Amino acid sequence: MEQEHLCEKHGEKLSLFCEDDGQLICWCCERTRQHKGHTTVLAVDACQSYKESTGIFQEALTYLKKQEEQYKEWLGDIRKQITKCQSETMKKEDCIKYHFKIFHMILHMEEKSYLWRLEDEKEQVLKRLQDREAQLEEQSQELNKHILELERKCQGSAQELLQDVTHTLDRISAMQLNKPEDVVLLDTFSMPDVDNIFCQLTKLFETDHVRLTLDPDTAHNNLHVDKDENIVIGGRTQVKQDTPTRFKDLPCVLGCEAFTSGKYYFEIYFQEGSRWDVGVCLENVSRDNDRRRDPESGFWAIRHCRDNDYVALTSPLTPLSLEDVSFIGVFLDYEAGIISFYNLDTASHIFTFPKVSFSESIKPYFCIGEDSYLYIYHTYL
């Protein structure tokens, strides 16, 4: 049942409305100092006034409906923009894929062109060599003919030996092998300038091919970093100065270079060994934690385990279908938050970590087992 509203102060029915204060009051409130001199009307009459078309409620309702129309208009605009954004993204995605297919096609055509020209050059050289071989074979047959004739004469009677002996000896003396002309073996073949092409591509795509060096001050005591700082060998215990940046528990070492923006590429070669990590990490990662090596701890790397398995150091680990990988390329796009690994032995993609949002500097990271040997590749520099 509907409960009647009463004045909290006087307990009387709220039958009046104070227009000055915009408040329901009872007859006792009307006589208090607070409402003395105010204009009061019956609550029923005030309600009817507010309900009329010229009333305040109607104006408020009109205002709210206009706001609702504005909301719907803005919402419609946002949804149109969302649809347009999705559509434009798809178009640009298709455009990017199309143009890179063209790039791939051009590279494929260039590869086939060089291979075809190399094959053609080989055929021409082989033809010249085969001609020289045929000439030598012809001279060899003539030489064998004279040898057999002379052997027959020597084994025959005196009459056969002396028969036309002067002419025979003259012919043998005149017999002389002619050395074949030299054939240039593909030395003149124009190879693609891969160093220049690589540099142009990295420049075009604003990727810095980093000449990495290893930081000896971060190397664990079981790691030996050579004087050029591009080779590290595991399992060689040394006494080193204790530094705040040195790894204490695991045989790890960082690169000297720190990345805070841009795109980078570097190559790593593992000559031997059954256990290694390669990737990047935050510059300030813990140096004495031997447990976690995953993105939550500031590490983005792949690992070769002792049982010849490969995993990405995600949480949980992601198994990788690889066999005998020894040459790895690492791409880092700092702004895009992308870290990708490539098998350079087969020119194939290995793994890309889910998009990351970096907030501090990144350094190359390596963990080297006892029997492992890591070499930082500097071919194109």
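The structure displayed is predicted, hence computed values, not measured ones.

## Remarks on the overall build of the chain
Each helix and strand counted, the chain has six helices and 17 strands in total. In summary, the chain has a C-alpha radius of gyration of 45 Å against a globular reference of 21 Å for 381 residues, an excess of more than 25%. By its C-alpha atoms, the chain is 170 × 60 × 40 Å across when sized along the principal axes. Going through the 381 residues of the chain one by one, you find that 30% of them count as buried. A separation threshold of at least 6 residues defines the contact pool for the chain, and within that pool the share at least 24 residues apart is 62%. Looking at charge distribution, the chain has the averaged site of its 44 positive side-chain charges lying 5 Å from that of its 67 negative ones.

## So, a negative patch on the surface
Side chains of Glu68, Glu69, Glu73 and Asp77 sit close together on the surface and give a patch of like negative charge. If you trace the backbone, Glu73 turns up in helix 3 (residues 56-155).

## Things to note about the packing of aromatic side chains
Each pair of aromatic rings is reported with the distance of its centres and the angle of its planes. Summed over the entire model, instances satisfying the criterion amount to 11 aromatic pairs. Summarising the aromatic geometry, the rings of Phe270 and Trp276 are spaced 4.0 Å apart at their centres and angled 10° between planes, so their arrangement reads as stacked. Like Phe270, the residue Trp276 is buried in the burial classification. When the ring of Phe331 is compared with that of Tyr342, the centres are 5.6 Å apart and the planes differ by 80°; the resulting orientation is edge-to-face. With Phe331 in strand 13 (residues 327-333) and Tyr342 in strand 14 (residues 338-343), this residue pair connects regions lying 11 residues apart in the sequence. In this structure Phe331 comes out as partly exposed when scored by relative accessible area, which is 35%. Residue Tyr342 is classed as partly exposed on the basis of its relative accessible area of 29%.

## What to know about the state of the cysteines
For the structure shown, the criterion picks out zero disulfides. There is no disulfide at Cys28, and the cysteine sulfur nearest it, in Cys26, is 4.6 Å away.

## Quick look at the sheet that holds strand 9 (residues 276-282)
To summarise the sheet geometry, strands pair through backbone hydrogen bonds and adopt either a parallel or an antiparallel arrangement. On the basis of which strands lie adjacent, the open sheet formed by six strands has the order 7-16-9-10-11-12 and antiparallel pairing. The open sheet is flanked by strand 7 (252-254) and strand 12 (318-320), the only strands paired with a single partner. The average angle at which neighbouring strand axes cross in this sheet is 20°, direction not considered. Looking at chain direction, strand 9 and strand 10 (residues 299-304) are connected through six bridges and run antiparallel. Across the sheet, Gly279 pairs through a bridge with Ala301, a residue of strand 10.

## Some details on the environment of Arg246
Within the secondary structure, Arg246 is located in the loop between strand 6 (231-234) and strand 7. When neighbours within four sequence positions are excluded, Arg246 is seen to be in contact with Pro216, Asp217, Thr218, Ala219, His220, Asn221, Lys240, Gln241 and Arg287.

## Considering the pattern of salt bridges
Taken as a whole and judged by the stated rule, the model has 10 salt bridges. Between Glu88 and Lys84 there is a salt bridge whose closest N-O contact spans 4.0 Å. Of this pair, Glu88 and Lys84 both sit in helix 3, four residues apart, roughly one helical turn.

## Remarks on the layout of surface pockets
What the largest pocket holds in volume is close to 1900 Å³. What lines the largest pocket is a set of 39 residues, and nearest its centre among them are His104, Leu107, Phe198, Leu201 and Phe331. When residues of the lining of the largest pocket are traced back to their parent elements, those giving at least two are helix 3, helix 6 (194-204), strand 8 (263-272), strand 13, strand 14 and strand 15 (348-352). Among the elements that line the lining of the largest pocket, the one with the most residues is helix 3, at 11 residues. By residue class, the composition of the lining of the largest pocket is 27 nonpolar, seven polar and five charged.

## Structural notes on the side chain of Asp226
By the secondary structure assignment, Asp226 is in the loop between strand 5 (223-225) and strand 6. We note that Asp226 is buried and unpaired, the nearest opposite charge coming from Lys227 at a distance of 7.9 Å. There is a polar contact of 3.1 Å between the side chain of Asp226 and the backbone nitrogen of Asn230.

## Some points on the nonpolar core
Core analysis: the largest hydrophobic core is formed by 53 residues, its most contacted members being Val278, Trp300, Ile302, Ile328, Ile362 and Phe366. Core analysis: the next-biggest nonpolar cluster, separate from the first, contains seven residues, Cys7, Cys18, Ile25 and Cys28 among them.

## Some thoughts on the pairing of strand 15
Of the pairings in the sheet, the one linking strand 14 to strand 15 comprises four bridges and is antiparallel in character. Looking across to strand 15, one finds that Tyr342 is bridged to His349. Following strand 14, the chain reverses through four residues before pairing antiparallel with strand 15; Ala347 in that reversal takes a positive phi of roughly 55°.

## Points about the confidence of the model for the chain
With 93% of its residues at a pLDDT of 70 or more, the chain shows a mean pLDDT of 83. At the level of individual helices and strands, the chain shows its lowest average pLDDT in helix 4 (residues 158-162), which scores 72, and its highest in strand 11 (residues 310-312), which scores 94.

## What to know about unusual backbone geometry
In the segment running from Ser315 into Pro316, the intervening peptide bond is cis, with an omega of 0°. Despite not being glycine, Asp324 shows a phi value in the positive range, around 50°. Tracing the sequence through the fold places Asp324 in the loop between strand 12 and strand 13. You can call Asp324 exposed: its relative accessible area is 59%. The phi dihedral of Ala347 falls on the positive side, at around 55°, and the residue is not glycine.

Each value, and the rule that gives it
- Residues numbered from 1 in each chain as written.
- Predicted model: local features only at pLDDT ≥ 70, side-chain atom pairs only at ≥ 80, totals over all residues.
- Heavy atoms only, no water.
- Helix = DSSP H or I, 4+ residues; strand = E, 2+ residues; numbered from the N terminus.
- Rg over C-alpha atoms; globule rule 2.2 N^0.38 Å.
- Buried < 20%, exposed > 50% of the residue type's maximum accessible area, 1.4 Å probe, protein only.
- Contact = heavy atoms within 4.5 Å.
- Lys, Arg positive; Asp, Glu negative; His and termini not counted.
- Charge placed at Lys NZ, Arg CZ, Asp CG, Glu CD.
- Patch = residues over 30% accessible without salt bridge, like charges linked within 9 Å, V, L, I, M, F, W, Y side chains within 5 Å.
- Areas by Shrake-Rupley, 256 points an atom, 1.4 Å probe, with all protein chains shown as cover.
- Salt bridge = Lys/Arg side-chain N within 4 Å of Asp/Glu carboxyl O.
- Phe/Tyr/Trp six-rings, centres within 6.5 Å; stacked < 30°, edge-to-face > 60°.
- Disulfide = S-S within 2.5 Å.
- Pairing = 2+ DSSP bridges.
- Axes fitted to C-alpha atoms, helices over the stretch in contact; angles between N-to-C directions.
- 1 Å grid on protein atoms, 1.4 Å probe; cavity = no way out; pocket = protein on both sides within 12 Å on 5 of 7 lines; lining within 4 Å.
- Points joined across faces, edges and corners; volume = space filled by probe spheres on them.
- Nonpolar A, V, L, I, M, F, W, Y, C, P; charged D, E, K, R; others polar.
- Polar contact = N/O pair within 3.5 Å; in protein donor to acceptor, adjacent residues only side chain to side chain.
- Core = buried A, V, L, I, M, F, W, Y, C linked by side-chain atoms within 4.5 Å.
- pLDDT = per-residue confidence, 0-100.

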